[in-house]
Amino acid sequence: MSEAHTLPQKASAIASPLTPALGIQGVHRRYGSFVALEDVNLDIWPGEFVSIIGHSGCGKSTLLNLIAGLDHPTDGQVQILGRTITGPGPDRSMVFQNYSLLPWLSVRQNVTEALKAARPDLGGAERETTTDHALKTVGLWPHQHKRPSALSGGQRQRVAIARAFAVHPRVLLLDEPFGALDAITKGKLQDELLGLWSAEGEGGISNVVMVTHDIDEAIYLSDRIVVMSNGPRAHIHEVLKVDLPRPRDRAALVKSDTYQELKAHMLHLLGTVLATHH
Ligand SMILES: Nc1ncnc2c1ncn2[C@@H]1O[C@H](COP(=O)(O)OP(=O)(O)OP(=O)(O)O)[C@@H](O)[C@H]1O
């Protein structure tokens with residue numbers, strides 16, 4: 001169950017197996033004398049879906065922000081396809097824990113404004129078509145002219161996801177995207193996400209890096225699960241490979257031995273080995 005360089009399961013992944021989509025190399029992040037992350041190293045291969053799990057405060061959001069280019073390592077570097085990340089870019093798009101919608105704009109405008117910022121190359125007509133497609137994909141077409149305040153939590157989450165999908169990022173970064181949702185909505189959004197990730201070409205997303213607290217979600221979605229040690233001085237405790245064929249059937253999956261073993265191992269890690277006493 002240790003980290004291994006394995007070919008991911010998405011067909012497009014095989015194109016360049018030797019250059020990581022994301023290379024996290026000797027990354028430290030200190031805030032003054034407080035060491036949040038210490039020597040984090042991880043290669044994420046093109047086509048991989050990777051989840052990051054760990055106790056509260058271990059630096060998961062910090063790591064995601066470093067990949068997004070919204071923050072910078074104190075030491076080490078994060079690379080995308082071999083190039084050092086120095087700031088945000090249209091090749092990466094982030095869905096934050098709090099959705100970060102602009103409350104004075106409609107659902108549709110929240111998507112189009114993000115597109116204007118992230119994809120200035122698009123003409124007006126193309127931007128509208130892309131927005132239409134994203135809103136339909138997440139099932140928000142009938143609500144496109146509403147303000148976020150008129151939406152349910154699940155619908156707001158869908159706007160944030162539509163916005164991220166619309167910019168067609170090569171890498172989609174998700175910070176507990178489904179945390180506050182009911183099980184049915186969560187399941188639907190997880191499947192929509194998998195659909196977009198596994199689609200090739202237009203609308204396809206090469207990599208997803210997702211922070212989650214949900215073990216079942218991590219196993220259902222991921223190719224690998226990164227388990228962080230507790231902070232401060234958090235680092236990668238273990239990387240688990242999810243050796244379950246795709247497409248995955250939720251009901252059948254939970255009965256499989258591989259699933260049960262992986263879940264038991266993660267419960268042991270998080271509940272015993274890395275147990276906290278808050
Ligand atoms: N700007 C900052 N200044 C000082 N300390 C910070 C700053 N940002 C984060 N930290 C600290 O770094 C550590 C990691 O924070 P981070 O938000 O990445 O954790 P997390 O694993 O995402 O937590 P959670 O699961 O609760 O969202 C925490 O101890 C936090 O207090």
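Now for a quick tour of the structure. Owing to the predicted nature of the structure, the values given are computational and were not obtained by experimental measurement. (Residues numbered from 1 in each chain as written. Predicted model: local features only at pLDDT ≥ 70, side-chain atom pairs only at ≥ 80, totals over all residues.)

**Concerning the overall build of the protein chain**
Part 1: Check the secondary structure of the protein chain and you find eight helices and 10 strands.
Part 2: Dimensions of the protein chain, computed from C-alpha atoms along their principal axes, come out at roughly 50 × 45 × 45 Å.
Part 3: Here the protein chain holds 278 residues, and 38% of them are scored as buried.
Part 4: Taking the intrachain contacts of the protein chain between residues at least 6 apart in sequence as the baseline, contacts between residues at least 24 apart amount to 70%. (Helix = DSSP H or I, 4+ residues; strand = E, 2+ residues; numbered from the N terminus. Buried ≥ 20, exposed ≤ 12 C-beta atoms within 10 Å, placed from the backbone. Contact = placed C-beta atoms within 7 Å.)

**Some remarks on the pairing of strand β4 (residues 75-80)**
Part 1: Inspection of the sheet shows strand β1 (residues 22-31) paired to β4 by five bridges, in the antiparallel sense. Considered in β4, the bridge of Gly23 is made with Gln79.
Part 2: Inspection of the sheet shows β4 paired to strand β5 (residues 83-84) by two bridges, in the antiparallel sense. Counted as the bridge partner of Gln79 is Thr84 from β5. (Pairing = 2+ DSSP bridges.)

**Remarks on the sheet that holds strand β10 (residues 236-241)**
Part 1: With mixed pairing, the six strands of this open sheet are ordered in space as β6-β7-β8-β3-β9-β10. Looking at strand neighbours, the two that pair on one side only are β6 (92-95) and β10, the edges of this open sheet. Each neighbouring strand pair of the sheet contributes to a mean axis angle of 15°, computed without reference to strand direction.
Part 2: Pairing between strand β3 (residues 49-53) and strand β9 (residues 224-228): four bridges, direction parallel. (Axes fitted to C-alpha atoms, helices over the stretch in contact; angles between N-to-C directions.)

**Looking at helix α4 (residues 153-166)**
Part 1: In this model α4 runs 20 Å from its N-terminal to its C-terminal C-alpha over 14 residues, within 8% of the 20 Å that 1.5 Å per residue would give.
Part 2: Its buried side turned inward, α4 meets β6, α2 (107-118), α3 (124-137), β7 (171-175) and α5 (183-198).
Part 3: Two residues or fewer after α4 comes His168, characterised by a positive phi angle close to 50°. (Expected span 1.5 Å × (residues − 1).)

**Remarks on unusual backbone geometry**
Part 1: Omega for the peptide link from Gly231 to Pro232 comes to -10°, which places this bond in the cis form.
Part 2: As for its placement among the helices and strands, Pro232 is situated in the loop between β9 and β10.
Part 3: For the bond from Arg246 to Pro247, the omega torsion is -5°, close enough to zero to count as cis.
Part 4: Note that Pro247 resides in the loop between β10 and α7 (250-253).
Part 5: Phi is positive for Asp39, which is not a glycine, with a value near 55°.
Part 6: Residue placement: Asp39 occurs in strand β2 (residues 34-44).
Part 7: Located in the positive-phi region is Glu176, a residue other than glycine, with phi close to 45°.
Part 8: Among the secondary structure elements, Glu176 is positioned in the loop between β7 and α5.

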